[in-house]
Amino acid sequence: MALISPSRRLRRTPFSEGVEAAGVKAYTVYNRMLLPTVFESVEADYRHLKDHVQVWDVSVERQVELRGPDAARLMQMLTPRDLRGMLPGRCFYIPIVDETGGMLNDPVAVKLAEDRWWISIADSDLLLWVKGIANGYRLDVLVDEPDVSPLAIQGPKADDLAARVFGDGVRDIKFFRFGLFEFEGREMVVARSGYSKQGGFEVYVEGADIAMPLWDALFRAGADLNVRAGCPNAIERIEGGLLSYGNDMTDDNTPHECGLGRFCDTQTAIGCIGRDALLRVAKEGPVQQVRALVIEGDPVPGCDRAWPLFAGDTRVGQVTSAAWSPDHQTNVAIGMVRMTHWETGTQLKVATPEGLRDTTVQAGFWI
Ligand code: THG
C-alpha cells in the first residue's frame, strides 16, 4: 500500500515523538488519530508482548467526558448495561446502542464521580451522538473531549514496570478498577485494563505536557525488564477474542450478535435509548453471532475486507479478522456466523483473497 499523507486532520498524539524515536513501522487511523500497528514485525511484537512488557500509545482511545448533575442519567441512556451498581473507581466495558439496538461503539466507561464520567471510545464519532442526546433532551451536563491520552503498559512484567514508576500500590489495583497515583506532582488515573489478554494497566494521562516525561520515565525504569514500545497486536487480540469496532461489528449488529449479551441488562437498564428495540430482538434471539474460527493452511494475508463464509454454495457469514498464530501454528480468526452453522466443529469454506480455505467453528477463543 502507498503511504498516508500527514495533515492536521490526521491527529498526532502527545507521545508521537517517542513512538517515532522507537522506530514505528506502520500506523492505522483511529478516531482521526495515529495508532501504531507495527514496531519490529507483528510476529516479533507478539512474542515480545507475551514474554516481557510494552508501553503503548493508545491516545486514540479518546475520552468523551460527561460532567454535571445529569451525567449518570445520560450514561444510562447510552447503554443497555445496568450502571446502577457501578461505584466511582470502576471501569465497565459497555455496548453503546442506537434506537434500533445497533452498536455505535464498545467503549470502557470510567466512573470518576457520580457527576463525572469518561467514555473511552473505540473508533466511531461517539462525541456527536452523545452531544446530540444531551442537547436534544436538554440535559444538565457538559459533554466534551478533554486533553486525556491513555498510555497502556501491557505484558507479564507490567506490574513490575508500573510499580517502579507509580509505587507498589498499583499491584493492588483490581481488574477494571482504577486508583489515583502521582507522577511528577500530577495525579493520574491508573486502571488495570488494556486491549490485550497479557494483563497490565492503562494510565489516563491528563495534559499533553506530561506525556513525554511519563513515556521517558517508563523506558528508563524498565531498561532491565526489556521494555519496548508496542501497540495493540493483531494476532494477540484475535487469539484473545477482543473485538474491534468497525472490523468485527458495525451499527448493523446488536450486542447479542457480537457476543456482548453478558454486558447487557436490557430488562433493568431503564432509560437506555435502544432498550425497546433490544427487548424486541432479544425475544427471538440473535440469528448470527461472533465466533472464533480456525482457517486451515498457510498463513493468510491481513483481512482488510469481509471474507465470505460458505456452506456449499450458501453464504452463511463472514470472517472479519484473521492472522497466523505462531503459538497455535494455525490461522486464528473472528467471524460472524449464521445460527444454522455456528455450532462448534462446523466445517465451512472461507473465500480469502488467495482462494477458498477450509475453516472450522471453534468452541471459544484461545485464552
Ligand atoms: N481500553 C480503553 N479504551 C478503549 C479500549 C481499551 N477504547 C477502545 C477499545 N479498547 C474499546 N474496545 C474494547 C474491547 C475490549 C475490551 C475493552 C475495550 C476489554 N475486554 C475484556 C474482555 O473482553 O475480555 C474485558 C471485559 C470485561 O470483562 O469487563 O478489555 O482497551 N481504556
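For the structure itself, consult the block above.
Figured I'd write up the structure that's included with this text. (Residues numbered from 1 in each chain as written. Predicted model: local features only at pLDDT ≥ 70, side-chain atom pairs only at ≥ 80, totals over all residues. Heavy atoms only, no water.)

**A closer look at the nonpolar core**
Next up, step 1: Among the nonpolar cores identified, the biggest contains 43 residues, and V110 and Y204 are the most heavily contacted of them.
Next up, step 2: Residues in contact with V110, not counting those within four places in the same chain, are R90, C91, R116, W117, W118, F178 and Y204.
Next up, step 3: Within the second largest apolar cluster, 34 residues are counted, among which are V53, A163, I173 and L225. (Core = buried A, V, L, I, M, F, W, Y, C linked by side-chain atoms within 4.5 Å. Buried < 20%, exposed > 50% of the residue type's maximum accessible area, 1.4 Å probe, protein only. Contact = heavy atoms within 4.5 Å.)

**A short note on the packing of aromatic side chains**
Next up, step 1: Evaluation of the coordinates by the stated rule reveals seven aromatic pairs.
Next up, step 2: An angle of 75 degrees between the planes, with centres 5.0 Å apart, marks the rings of Y93 and F263 as edge-to-face. A residue pair is termed long-range when its members are at least 10 positions apart, and Y93 in strand β5 (residues 91-93) and F263 in the loop between α7 (234-239) and α8 (275-284) qualify at 170 residues. Each member of the pair Y93 and F263 is classed as buried.
Next up, step 3: Of the aromatic side chains, those joined through ring pairs into one cluster are F15, W215 and F219.
Next up, step 4: Against the face of F92 rests R81, its NZ or CZ located 3.8 Å from the ring centre. (Phe/Tyr/Trp six-rings, centres within 6.5 Å; stacked < 30°, edge-to-face > 60°. Helix = DSSP H or I, 4+ residues; strand = E, 2+ residues; numbered from the N terminus. Lys NZ or Arg CZ within 6 Å of the ring centre and 35° of its normal.)

**Regarding unusual backbone geometry**
Next up, step 1: Here F176, not a glycine, exhibits a phi torsion of approximately 60 degrees, which is positive.
Next up, step 2: Inspection of the secondary structure puts F176 in the loop between α5 (158-166) and β12 (178-183).
Next up, step 3: Residue F176 is classed as buried on the basis of its relative accessible area, which comes to 18%.
Next up, step 4: In this structure, N226 takes a positive phi of about 60 degrees despite not being glycine.
Next up, step 5: With respect to the helices and strands, N226 occurs in the loop between α6 (211-221) and β15 (228-230).
Next up, step 6: Classification of N226 by relative accessible area gives partly exposed; the value is 30%.

**Looking at the site of the ligand**
Next up, step 1: Taken together, 18 residues are adjacent to the ligand, and D106, S120, K197, E202 and Y204 come closest.
Next up, step 2: Take D106: an N or O atom from its main chain is 3.1 Å from a nitrogen atom of the ligand.
Next up, step 3: Computed on the free molecule, the ligand has an accessible area of 640 Å², of which 89% lies beneath the protein chains in the complex.
Next up, step 4: Looking at the shell around the ligand residue by residue, the class counts come to eleven nonpolar, two polar and five charged. (Near = heavy atom within 4 Å. Polar contact = N/O pair within 3.5 Å; in protein donor to acceptor, adjacent residues only side chain to side chain. Areas by Shrake-Rupley, 256 points an atom, 1.4 Å probe, with all protein chains shown as cover. Nonpolar A, V, L, I, M, F, W, Y, C, P; charged D, E, K, R; others polar.)

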